[in-house]
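Summary of the model geometry
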Amino acid sequence: MAHRTSTLSHRMKLAQSVGLVVVLVALAACGGESETATTAAPTTTAAPATTVAPTTTAAPATTVAPTTTAAPATTAAPSLTVTDGSGREITLDRPAERIVCLEDNCTDLTSDLGIVPVAQHRGGAWGTAAAYYGDAAADIPIIGDRTSVEELAAFEPDLIIARVGQEEVRDAVEMVAPVYLVDIGGVQTLKEGWMDIGLLTGRQAEAEEAIHRFEHNVEHLAEDLPADAVDTRVAVGFGDTNWMIWDSSSFCKFLHDEGAGTCVFPAQPESEYGSPDSEFAWEFIVEADPEVWVMITWEGSARADSVTEPAWLETTAHREGRICNEDSAGSFGHGLLMLQWAYQCYLNAGWPSIYDHPGDLAVWLPEDH
């Protein structure tokens, strides 16, 4: 950032009192009249000496100290330094304009702030990019899962965004541009990621507005939430023939914190992501009997109307039709935008007489999107 330094001219005032004043008094002499007899001329009495006024010594010139005008404090440019979700400090010289998304949470984040990336992780049905970016989605290059450093460098990014858990990817590509990892573990860490990216891209106001929209929408939905909603048994998963409980996102914790439901998990060790994400036996589903299913789906994956497993057909969720087909696989719960959309989808599945379906994702985007 360029800094301007104001140069101040200093003026000096000098006041002097000058004056060497001398008072001069003229000397006067008197002469006597002459007589016949020679008379000694009377002694002429000299006029008394005129007293000369004492010389007035001029006061020394008074030198006025020059007035020093303090230079105004220089306003430093805002610091473009943040600490990402992995604890790494990132500093930019100027706001980033060219963003590359290495993970689906970046799709959620950038669209929520009104940013269209120069390249994104996936396209097509995965991540429903068109729902996020509208017509602009068709012009965003797809970089896929295996992208070389050279390919990334060709997009000339100012900033690359991924998520915590991709530290090895970050280490491999940060030679191209600074990499910010978003912590997707909870609502608070997502908010922090939104504000950090807002700062790094010069979109602080947009980030604040996105957070405000999220908080407003969640508070509005909570107004009609049944008192016993927190006891609702919820299964969240995706897959086709083998199902997986998904908890590395923030969704299950969010539901419980809002008093809206409790996710069911089989007893199992933690996965490599630090949460119980793994395949489970259908016997567990029969025992847990979820009352609401949230299905993360994409093109070719199982949906509520395509699962034929008998255990599935026996669940309360299936029998009562309390199912949310979440159509943005890979970004479920990874961002504030998708989190609020999925929350209303869940509420509609659980209490359809109270909550409407959230509809198209576009209704949750900024008005000028």
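Residues numbered from 1 in each chain as written. Predicted model: local features only at pLDDT ≥ 70, side-chain atom pairs only at ≥ 80, totals over all residues. Heavy atoms only, no water.

1. Some words on the packing of aromatic side chains
Formally: Note on ring pairs: Phe, Tyr and Trp rings are taken, using the six-membered ring of Trp, and paired if centres are within 6.5 Å. Classes follow the plane angle, with under 30 degrees stacked, over 60 edge-to-face and the rest tilted. Secondary structure elements are defined from DSSP: runs of H or I of at least 4 residues count as helices, runs of E of at least 2 residues count as strands, and each element is numbered from the N terminus. Each residue is placed in one exposure class: buried if its accessible area under a 1.4 Å probe, protein chains only, is under 20% of its type's maximum, exposed if it is over 50%, and partly exposed if it falls in between. When the NZ atom of lysine or the CZ atom of arginine is within 6 Å of a ring's centre and also within 35 degrees of its normal, the charge is said to sit over that ring.
Taken as a whole and judged by the stated rule, the model has five aromatic pairs. Taking 4.9 Å as the distance between ring centres and 85 degrees as the angle between the ring planes, the aromatic pair formed by Phe 254 and Tyr 343 counts as edge-to-face. Note that Phe 254 is positioned in helix α7 (residues 251-257) and Tyr 343 in helix α11 (residues 336-350), a separation of 89 residues in sequence. Arranged with centres 5.9 Å apart and planes meeting at 85 degrees, the rings of Tyr 346 and Trp 351 form a pair that is edge-to-face. Each member of the pair, Tyr 346 together with Trp 351, is buried. The ring of Trp 351 has Arg 322 sitting right over it, with the charged end atom 5.9 Å from the ring centre.

2. Quick look at the state of the cysteines
As used here, a disulfide is simply a covalent bond connecting the sulfur atoms of two cysteines. What counts here: Two cysteine sulfurs form a disulfide in these notes if their separation is within 2.5 Å.
Counted under the stated rule, the structure contains three disulfides. Here Cys 252 pairs with Cys 263 through a disulfide, and the sulfurs are 2.1 Å apart. For the disulfide bridge between Cys 252 and Cys 263, the dihedral angle about the S-S bond is near -90 degrees, and by the sign convention the bridge is left-handed. Of this pair, Cys 252 sits in helix α7 while Cys 263 sits in strand β8 (residues 262-263), and the two are 11 residues apart along the sequence. Neither Cys 252 nor Cys 263 differs from the other in exposure class; each is buried. Covalently, Cys 324 is tied to Cys 345 through a disulfide, its sulfur atoms 1.9 Å apart. Measuring the twist about the S-S bond at about 115 degrees, one finds the Cys 324-Cys 345 disulfide to be right-handed. Of the two residues, Cys 324 sits in strand β11 (residues 323-326) while Cys 345 sits in helix α11, which places them 21 residues apart along the sequence. Cys 345 carries the same exposure label as Cys 324, and that label is buried.

3. What about the sheet that holds strand β3 (residues 99-101)?
Here is the rule: Think of it this way: DSSP has to see at least two bridges between two strands before they count as a pair. Angles run from 0 to 180 degrees between N-to-C directions of axes, and those axes are lines fitted to C-alpha atoms, restricted for helices to the stretch in contact.
Strand order in the open sheet formed by three strands is β3-β4-β5, and the pairing between neighbours is parallel. Taken across any chain shown, the strands that pair with only one partner, and hence form the sheet edges, are β3 and β5 (179-182). Taken pair by pair, the neighbouring strands of this sheet meet at an average axis angle of 25 degrees, ignoring direction. By the bridge criterion, three bridges tie β3 to strand β4 (residues 159-163) in an arrangement that is parallel.

4. Some words on the packing of helix α5 (residues 187-200) against helix α6 (residues 204-222)
Worth spelling out the cut-off: The cut-offs work like this: below 35 degrees is roughly parallel, past 145 is roughly antiparallel, 65 to 115 is roughly perpendicular, and the gaps in between are oblique. Residue contacts are counted whenever heavy atoms from the two residues lie within 4.5 Å of one another. Three residue categories are used. Nonpolar comprises Ala, Val, Leu, Ile, Met, Phe, Trp, Tyr, Cys and Pro, charged comprises Asp, Glu, Lys and Arg, and polar comprises the others, including Gly.
For the pair α5 and α6, interaxial distance at closest approach is 7 Å and the crossing angle is 155 degrees. If you check the angle between α5 and α6, you find them roughly antiparallel. Facing α5, whose interface residues are Val 187, Lys 191, Trp 194, Met 195, Gly 198 and Leu 199, α6 presents Gln 204, Ala 207, Glu 208, Ala 210, Ile 211, Phe 214 and Glu 215. Broken down by class, the residue content of the contact of α5 with α6 amounts to eight nonpolar, two polar and three charged.

5. Notes on α5
Spelled out, the test is: Multiply 1.5 Å by the residue count of a helix minus one, and that product is the helix's expected span.
A rise of 1.5 Å per residue sets the reference length of α5, with its 14 residues, at 20 Å; its end C-alpha atoms lie 20 Å apart and thus fit the reference within 8%. What α5 keeps buried is the set Leu 190, Lys 191, Gly 193, Trp 194, Asp 196, Ile 197, Gly 198, Leu 199 and Leu 200. Downstream of α5 by a residue or two, Gly 202 has a phi angle that is positive, lying close to 70 degrees.

6. A closer look at the pairing of β5
Just so we agree on the cut-off: Here, the term right-handed applies to a crossover whose path from the first strand over the helix to the second runs clockwise when the strands point away from the viewer.
Here β5 shows no split at all, with Val 179 and Leu 181 on one side and Tyr 180 and Val 182 on the other all buried. Sheet topology places β4 next to β5; four bridges connect them, and they run parallel. The residue bridging Ile 161 from the neighbouring strand is Tyr 180, located in β5. The parallel pair β4 and β5 is bridged by helix α4 (residues 167-173), and the resulting crossover is right-handed.

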